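An overview of the molecular structure
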Amino acid sequence: MYGSGSLKERKEVWDELREIRKNQQNKVWCVVGDFNSIRRKEERKSVVSTSDYSREIRDFNDFIENTELLDIPMVGRKFTWYKPNGTVKSRIDRILVSAERSLIIVL
């Protein structure tokens with residue numbers, strides 16, 4: 001998936017995914033991609049950090065919790081996106097899997 005730059009548009013996609021997930025509770029799920037959202041403030045670093053991401057963080061974490069998905073931890077790098085000049089970096093790419101299943105993913 002690819003998350004829009006607009007929080008409003010990302011939330012619309014999350015709502016659609018919630019509905020689909022609600023109707024397919026017994027199915028194994030894996031959602032992979034650039035969600036363009038962070039789960040914690042530490043997942044976005046910039047030279048000048050004046051933005052407050054608390055609403056985005058809360059909404060994204062609510063989406064993950066409501067769909068009963070697990071966020072697979074990263075190994076190695078801390079961030080998945082870097083601005084070419086190195087002034088901004090974020091962890092916006094994720095692998096989310098069904099919480100009711102144990103999966104081993106090797107990348």
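This text follows the structure it describes.
Residues numbered from 1 in each chain as written. Predicted model: local features only at pLDDT ≥ 70, side-chain atom pairs only at ≥ 80, totals over all residues. Heavy atoms only, no water.

Notes on the packing of helix H1 (residues 7-22) against helix H2 (residues 54-66)
Remark: H1 packs on H2, axes separated minimally by 10 Å, with the N-to-C direction vectors making an angle of 10°. In terms of axis orientation, H1 runs roughly parallel to H2. Of H2, the residues touching H1 (which contributes Leu7, Arg10, Lys11, Trp14, Leu17 and Arg18) are Arg55, Glu56, Asp59, Phe60, Asp62, Phe63 and Asn66. Residue classes in the contact of H1 with H2 are distributed as 5 nonpolar, 1 polar and 7 charged. (Axes fitted to C-alpha atoms, helices over the stretch in contact; angles between N-to-C directions. Helix = DSSP H or I, 4+ residues; strand = E, 2+ residues; numbered from the N terminus. Parallel < 35°, antiparallel > 145°, perpendicular 65-115°, else oblique. Contact = heavy atoms within 4.5 Å. Nonpolar A, V, L, I, M, F, W, Y, C, P; charged D, E, K, R; others polar.)

Comments concerning the pattern of salt bridges
The tally for this structure, following the rule as stated, stands at 14 salt bridges. For Lys11, the salt bridge identified is with Asp59, shortest N-O distance 3.2 Å. In this pair, Lys11 sits in helix H1 while Asp59 sits in helix H2, placing the two residues 48 residues apart along the sequence. What makes Asp59 buried here is its relative accessible area of 10%. The residue Arg18 makes a salt bridge to Asp15 at a minimum N-O spacing of 2.6 Å. (Salt bridge = Lys/Arg side-chain N within 4 Å of Asp/Glu carboxyl O. Buried < 20%, exposed > 50% of the residue type's maximum accessible area, 1.4 Å probe, protein only.)

Some details on the packing of aromatic side chains
All chains considered together, the criterion is met by 5 aromatic pairs. Plain terms: the ring middles of Trp14 and Phe63 are 5.7 Å apart, the flat faces sit at 15° to each other, and that makes the pair stacked. Taken as a pair, Trp14 in helix H1 and Phe63 in helix H2 lie far apart in primary sequence, 49 residues in all. There is no split in this pair, since Trp14 and Phe63 are both buried. Ring centres 6.3 Å apart and planes at 80° place the aromatic pair Phe79 and Tyr82 in the edge-to-face group. Three or more aromatic residues joined by ring pairs form one cluster here, namely Trp14, Phe35, Phe60 and Phe63. In this structure, Arg44 packs its charged tip against the face of Tyr53, placed 4.5 Å from the ring centre. (Phe/Tyr/Trp six-rings, centres within 6.5 Å; stacked < 30°, edge-to-face > 60°. Lys NZ or Arg CZ within 6 Å of the ring centre and 35° of its normal.)

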